[in-house]
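# Observations on the model geometry
Given next are the chains, with one letter for each unit.
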Amino acid sequence: MGIEDYGGGQTPQADVLVVTTNDVPGHQVTQIIGEVFGLTVRSRHLGSQIGAGLKSMIGGELKGLTKTLVETRNQAMERLVDQARARGANAVLMMRFDVSEAADVGTEVCAYGTAAVINRA
């Protein structure tokens, strides 16, 4: 697997800018729309569970699970952006991820932040 399998983020052409900061240098926040989030829950399949169990005995990265978590985070981020766009935002400020177990059957990933309208200052 290449490095592209282990990352995420936006393309330079993104119409909704997502940042982890309170503001965007060179821009002014002209409207706060409110909280937006993107949520996904992924179940674990038996093959990855067995593989992870075996790998944990000898050590090392669980590459299959890493790739699945990256895909899950990217899906949550896409849903966050879709919700922000639908509400008229062109930015999401203070974006964060929250990850938790979902009833012992999977992993819940939530991307959340504040939808806003920004303009160049």
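Reading the values: the criteria
- Residues numbered from 1 in each chain as written.
- Predicted model: local features only at pLDDT ≥ 70, side-chain atom pairs only at ≥ 80, totals over all residues.
- Heavy atoms only, no water.
- Helix = DSSP H or I, 4+ residues; strand = E, 2+ residues; numbered from the N terminus.
- Buried < 20%, exposed > 50% of the residue type's maximum accessible area, 1.4 Å probe, protein only.
- Contact = heavy atoms within 4.5 Å.
- Areas by Shrake-Rupley, 256 points an atom, 1.4 Å probe, with all protein chains shown as cover.
- Expected span 1.5 Å × (residues − 1).
- Pairing = 2+ DSSP bridges.
- Core = buried A, V, L, I, M, F, W, Y, C linked by side-chain atoms within 4.5 Å.
- pLDDT = per-residue confidence, 0-100.
- Salt bridge = Lys/Arg side-chain N within 4 Å of Asp/Glu carboxyl O.

For the chain, the count of helices and strands is two helices and four strands. Across the 121 residues in the chain, those meeting the buried criterion constitute 28%. Of all intrachain contacts in the chain linking residues separated by at least 6 positions in sequence, the fraction that spans at least 24 positions is 77%. Accessible surface computed for the chain: about 7,600 Å², of which carbon and sulfur atoms make up 53%.

The next thing to look at is helix H2 (residues 63–86). End to end, H2 covers 35 Å across 24 residues, agreeing with the expected 34 Å (1.5 Å per residue, within 8%). Taken together, the buried positions of H2 are Val70, Thr72, Ala76, Met77, Leu80, Val81 and Ala84. Looking at the buried side of H2, the elements it contacts are strand S1 (17–18), strand S2 (27–43), strand S3 (91–102) and strand S4 (106–120). Once H2 ends, the next one or two residues include glycine 88, with phi positive near 95°.

Let us now look at the sheet that holds S1. Across a sheet, strands are paired by hydrogen bonds formed along the backbone, either parallel or antiparallel in direction. Judged by pairing direction, the sheet is mixed, and its four strands sit side by side in the order S1-S3-S4-S2 without closing on themselves. Two strands bound the open sheet, and with one partner strand each, they are S1 and S2. Where S1 lies against S3, two bridges are found, and the strand directions are parallel. Pairing of valine 18 across the sheet is with valine 92, part of S3.

Across soluble globular proteins, you tend to see nonpolar side chains buried next to one another. Val18, Val36, Leu80, Ala84, Val92, Met95 and Ala115 are the most contacted members of the largest nonpolar core, which totals 16 residues. Elements represented by at least two residues in this core include exactly S2, H2, S3 and S4. By residue number, the principal contributor to this core is H2, which donates five residues. Grouped together as the second largest cluster of nonpolar side chains are six residues, Val24, Ala91, Leu93 and Ala116 included.

The next point concerns the confidence of the model for the chain. Considering every residue of the chain, the mean pLDDT works out to 85; 83% of them sit at 70 or more. Averaged pLDDT values for the elements of the chain fall to 56 in helix H1 (residues 46–58) and rise to 96 in S1.

The next subject is the environment of threonine 68. By secondary structure assignment, the location of threonine 68 is in helix H2. It is 8.6 Å that separates the C-alpha atoms of threonine 68 and arginine 42, two residues lying 26 residues apart in sequence.

Attention shifts here to unusual backbone geometry. Backbone geometry at methionine 94 places phi at a positive 55°, although glycine is not the residue there. Considering the arrangement of structural elements, one finds methionine 94 in strand S3. Owing to a relative accessible area of 31%, methionine 94 belongs among the partly exposed residues under this scheme.

Here we take up the pattern of salt bridges. Evaluated as defined, the whole model comprises two salt bridges. For aspartate 15, the salt bridge identified is with arginine 85, shortest N-O distance 2.8 Å. Here aspartate 15 is found in the segment before S1, whereas its partner arginine 85 is found in helix H2, with 70 residues between them in sequence. Taking the relative accessible area as the measure of exposure, aspartate 15 reaches 47% and is therefore partly exposed.

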